[in-house]
Amino acid sequence: MTKHEQEVLSLLKNNARISVEDIADSMGVTTATAKKLVKKLENDHTIIRYTTVINEDKLNAECGKVKALIEVRVRPEKSRGFTGIAKRIARHPNVIDHYLISGQYDFLLIVEGKNLEEISRFVSEKLASIENVQSTATHFIMKTYKEKSVLIDADDELERLAIQP
Amino acid sequence: MSIEFSRVLDQIPPSGIRKFFDLVIGSKDIISLGVGEPDFVTPWGIREEAIATLEQGATSYTANAGLLECREETVSYLKERFNLTYDAKTETMLTVGVSEGVDITMRALLNAGDEVIIPEPGYVCYHPLVTLAGGIPITLDTSGNHFIPDPKELEKLITPRTKALVLCSPNNPTGVVIPKETLEAIAALSKKYQFWVITDEIYAELNYEGYTSYASIPGVKDRTILLSGFSKAFAMTGWRLGYLCGPEALVSRTLKIHQYSALCAPIIAQYAAIEALKHNLKAVEEMRKSYLLRRNFFVKRLNDAGLPTPMPSGAFYTFSSIKHTGLSSEEFALNLLKKERVAVVPGNAFGACAEGYIRCCYATDMEKLKEAVLRIKRFIKGLQ
C-alpha cells in the first residue's frame, strides 16, 4: 500500500464524509488524483463501505437495538474447515460481525436484534440448529463505552488558553 | 532604602498579546488558532503511568538534575533519533520546560554587557531572559531570507562582546527548519569567533521534510547547549518538563542555579517522561502525520483565501503575510477576533521585523480550520 493510499484511508477512517477537495488539499495533490485514489481503494474493496458510529443510548425504545456477543463452538468440516459453516452463520441479517478466534470457542459473533427475545430466538432456532454447531455462549451487551475508536461518552474537553505565544 | 521594583525588569515591555486575553475570556464561539500547543491530550499510556506512580507515592523531590533513569532514557533517545551523544550523569539535566532551560543558560553564561544574537521572528522568551541575565539582546532579522538566519548577516553582527547565538529550528512562529548547510556555516562562525550556540529544538519531532539537529554537526559540542523537552512531541505542555544538554562545565553551572531556583522538575512529569520515551514514540509519529495533513490543508486554503502563506517544514504554525491589507498585524488580529471570532497571534509579538505577519496554529480539528479560513476570507473581503 502506497503512502498516499494510507493517507486517504486515515482521512476517511476519521471522517467518512470528508470531501474529495479536502482530501486533496490535505495530501497536497490535485482533486483528480485524490478522486482516483479513493476510486481505486473502493474498486479493490480496500474500502468496503462507508458507515456511521451511532450512540445507541440516544435511540428511543422503538428504534433501539439490543446487541450480544455470542461465542460459538463448532465442529470443522472435513473438506472446508470452518469456512462453510461460517458462511451459513454470517449470512443471517442479525449477525453484525463474525470472527474466527483462538481459545475455547471458534467463532465470535456480534449479533443485533430488536429485543432480547429476537436474539434468544436467533440463538435457539437459527444458530443452535446449524449442523456442526456444538455449543454457544451468549453475552448481552449492557453498555457501550467505546466503538470504532470513539469514546461514546467522552468527557468534555478542558478549556485551553485561546492565545499563547 | 527603597520599595521600588527591579529597573531591569521594568525595562521589559509587557507582552503584546495580553490585550487579547480579555477579549477571548469566556467567549465560546471563538475559533482559536492562537494556541502554541498540540490539540492532543497526552497519550493515555503516559497518563496512566503517571497515575500509577502517584498511587505508589511518588510525591517527593528528585535529584536536582532529575531521576537518573529519566536522563538515561533521554540520552539514548537523543542518540537514536538525532545522533547526539551526551553523558546522562554529567552532561544532561532536566528542567521545568525549555523556558527554564533558556533562563538558567543565560544566567550561567552572561556577564553584564555580553551580547546574545537572537534571530527574529523568534519565540518571545529569549529577549527578556537575556535582559534579565544582564545581557544585551541583538536582533538578527531573518525576514529578508525566508526566515532562515543568514550566516553572512550573522557575521556582521558579531562583536568582541558576542557571547551566544540562539537558534530555534523548527521555528516558532514561522515553522521554518534551518537547512543543514546553514547550520554548518553557523558552526564554522561559532568556532572562528568562539561563541556559544543555544539550540532550542523543542519542535524537532515535528518536521515534515527531514531535520538535522544543530548539536549533531561535528565539532560543535563544546560550544553548544541543546534545549528541548516533552511538551510538543508528546503533547505534554502542562507537565512542564524539558532537558538541557551541554558540556559538563556548563551543566554543572546551570544545575547550580536550578538547585536554588527550582530544586528539581516535578517528579510525576519525570516518571511520565520515562514512559513516554520507552513506549510512546509511535504515538509521536501518529500525531506528526496528523499535523502534516492539516498543514497541507490549511496552507493551501489560506493561500486560496488570499493570505500569502509559505509551506512551513516544521512545528504546527503557519506564518502569513497580511501586508497587502494595509493593516498592522495587531490591527488585523484584533479586528479579526472582534468581527469574525477567530483568534490568531499578531506577528509583532515575535519581534519588530515580524510586523505584517500573523501566526496561526493548525493544531486544531479540520472542520474548525475550514470554518476559520471562511471567516478570514470574509474578513479580508470586508476590508476592501
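Asks: What is the right way to read the overall build of chain A from this model?
Replies: Helices and strands together make up the secondary structure of chain A, namely five helices and six strands. Traced from its N-terminal end to its C-terminal end, chain A shows the element sequence α-α-α-β-α-β-β-α-β-β-β. For a compact globule of 165 residues, the expected C-alpha radius of gyration is about 15 Å, and chain A comes in at 21 Å, more than 25% above that figure. Across its three principal axes, chain A shows a C-alpha extent of roughly 65 × 40 × 30 Å. Burial statistics for chain A: of 165 residues in total, 18% are counted as buried. Across chain A, the fraction of contacts at a sequence separation of at least 24, relative to all contacts at a separation of at least 6, is 54%.

Asks: Explanation requested: the sheet that holds strand E12 (residues 357-361) of chain B in the structure shown.
Replies: Sheet strands pair by backbone hydrogen bonding; their relative direction is either parallel or antiparallel. Residue and element names in this part refer to chain B. The three strands lie next to each other as E9-E12-E11, forming an open sheet whose pairing is antiparallel. Looking at which strands have only one partner, the edges of the open sheet turn out to be strand E9 (317-321) and strand E11 (345-346). In the sheet, E11 pairs with E12 via two bridges, with the strands oriented antiparallel. What sits directly across from Pro346, in E12, is Ile358.

Asks: How do you make sense of the environment of Gly306(B) when you look at a structure like this?
Replies: For Gly306(B), the position within the fold is in the loop between helix H11 (281-304) and E9. Apart from residues no more than four positions distant in its own chain, Gly306(B) is found in contact with Lys377(B) and Ile380(B).

Asks: Is there a simple way to explain the pairing of strand E2 (residues 92-95) of chain B in this structure?
Replies: Each regular strand displays side chains that alternate between the two surfaces of the sheet. All names here are of chain B. Here E2 shows two buried faces, one formed by Thr92 and Leu94 and the other by Met93 and Thr95. Here E2 pairs with strand E8 (residues 242-245) via four bridges, running antiparallel. Looking at the pairing, Thr92 lines up with Cys245 of E8.

Asks: Could you clarify how one ought to interpret the packing of H11(B) against helix H13 (residues 366-383) of chain B in this entry?
Replies: If you want to describe how two helices pack, look at the angle between their axes and the distance between the axes. Residues and elements named next belong to chain B. At a minimum axis distance of 10 Å, the contact between H11 and H13 shows a crossing angle of 10 degrees. When the interaxial angle is binned, H11 and H13 end up roughly parallel. Each of Arg294, Phe297, Phe298, Arg301 and Leu302 in H11 lies in contact with H13, whose residues at this interface are Met366, Leu369 and Val373.

Asks: So what exactly am I meant to see when it comes to the nonpolar core here?
Replies: A general tendency of soluble globular proteins is for nonpolar side chains to be buried together. Membership of the largest hydrophobic core comes to 126 residues, with the highest contact counts inside it found for Ala164(B), Val166(B), Val197(B), Val342(B) and Val344(B). The greatest single-element share of this core, amounting to eight residues, is contributed by H11(B). Val166(B) has contacts with Val116(B), Ile118(B), Tyr126(B), Ile198(B) and Asp200(B), leaving out every residue within four places of it along the chain. Formed by 14 residues, the second largest nonpolar core is a distinct cluster that contains Ile85(A), Phe107(A), Val111(A) and Ile119(A).

Asks: Where do I start with the pairing of strand E2 (residues 95-100) of chain A in this structure?
Replies: Residues and elements named next belong to chain A. With zero of six residues buried, E2 lies mostly on the surface of the structure. Summarising the sheet, E2 and strand E3 (residues 107-113) pair through five bridges and their orientation is antiparallel. The partner of His98 across the bridge, within E3, is Leu109.

Asks: Is there a simple way to explain the sheet that holds strand E1 (residues 66-74) of chain A in this structure?
Replies: Residues and elements named next belong to chain A. Overall, antiparallel pairing links the four strands, which are arranged E2-E3-E1-E4 in an open sheet. Each having just a single partner strand, E2 and strand E4 (133-140) make up the two edges of the open sheet. Ignoring which end each strand starts from, the neighbouring axes of this sheet average 20 degrees apart. The pairing of E1 with E3 spans seven bridges and is classified as antiparallel.

Asks: Before we go on, may I ask you to explain the domain arrangement of chain B in this structure?
Replies: Size of an interface: often given as the accessible area lost when the parts come together. Residue and element names in this part refer to chain B. In terms of domains, chain B is made up of domain 1 (7-42 + 282-383) and domain 2 (58-280). Look at where the C-alpha atoms of domain 1 and domain 2 centre, and you get two points 25 Å apart. Opposite the 35 residues of domain 1 that make contact, domain 2 presents 32 residues. When residues of the side of domain 1 that touches domain 2 are traced back to their parent elements, those giving at least two are helix H1 (7-11), H11 and E9. Broken down by element, the side of domain 1 that touches domain 2 gets its largest block of residues, eight residues, from H11. Taken together, the residues of the side of domain 1 that touches domain 2 sort by class into 21 nonpolar, nine polar and five charged.

Asks: How do you make sense of the domain arrangement of chain A when you look at a structure like this?
Replies: Domain boundaries assigned for chain A yield domain 1 (3-43) and domain 2 (57-144). Taking only C-alpha atoms into account, the centre of domain 1 of chain A sits 35 Å from that of domain 2 of chain A.

Asks: Any chance you could explain the packing of helix H12 (residues 329-340) of chain B against H13(B) here in plain terms?
Replies: Residues and elements named next belong to chain B. In contact at an axis separation of 10 Å, H12 and H13 are set at 110 degrees when each is read in the N-to-C sense. With respect to H13, the axis of H12 lies roughly perpendicular. Contact residues: H12 offers Leu336, Lys339 and Glu340, while H13 offers Arg375, Ile376, Arg378 and Phe379. The residue makeup of the contact of H12 with H13, split by class, is three nonpolar, no polar and four charged.

Calculation notes
- Residues numbered from 1 in each chain as written.
- Chains lettered and ligands numbered in written order.
- Predicted model: local features only at pLDDT ≥ 70, side-chain atom pairs only at ≥ 80, totals over all residues.
- Helix = DSSP H or I, 4+ residues; strand = E, 2+ residues; numbered from the N terminus.
- Rg over C-alpha atoms; globule rule 2.2 N^0.38 Å.
- Buried ≥ 20, exposed ≤ 12 C-beta atoms within 10 Å, placed from the backbone.
- Contact = placed C-beta atoms within 7 Å.
- Pairing = 2+ DSSP bridges.
- Axes fitted to C-alpha atoms, helices over the stretch in contact; angles between N-to-C directions.
- Parallel < 35°, antiparallel > 145°, perpendicular 65-115°, else oblique.
- Core = buried A, V, L, I, M, F, W, Y, C linked by C-beta atoms within 7 Å.
- Domains from an automatic or database assignment.
- Nonpolar A, V, L, I, M, F, W, Y, C, P; charged D, E, K, R; others polar.

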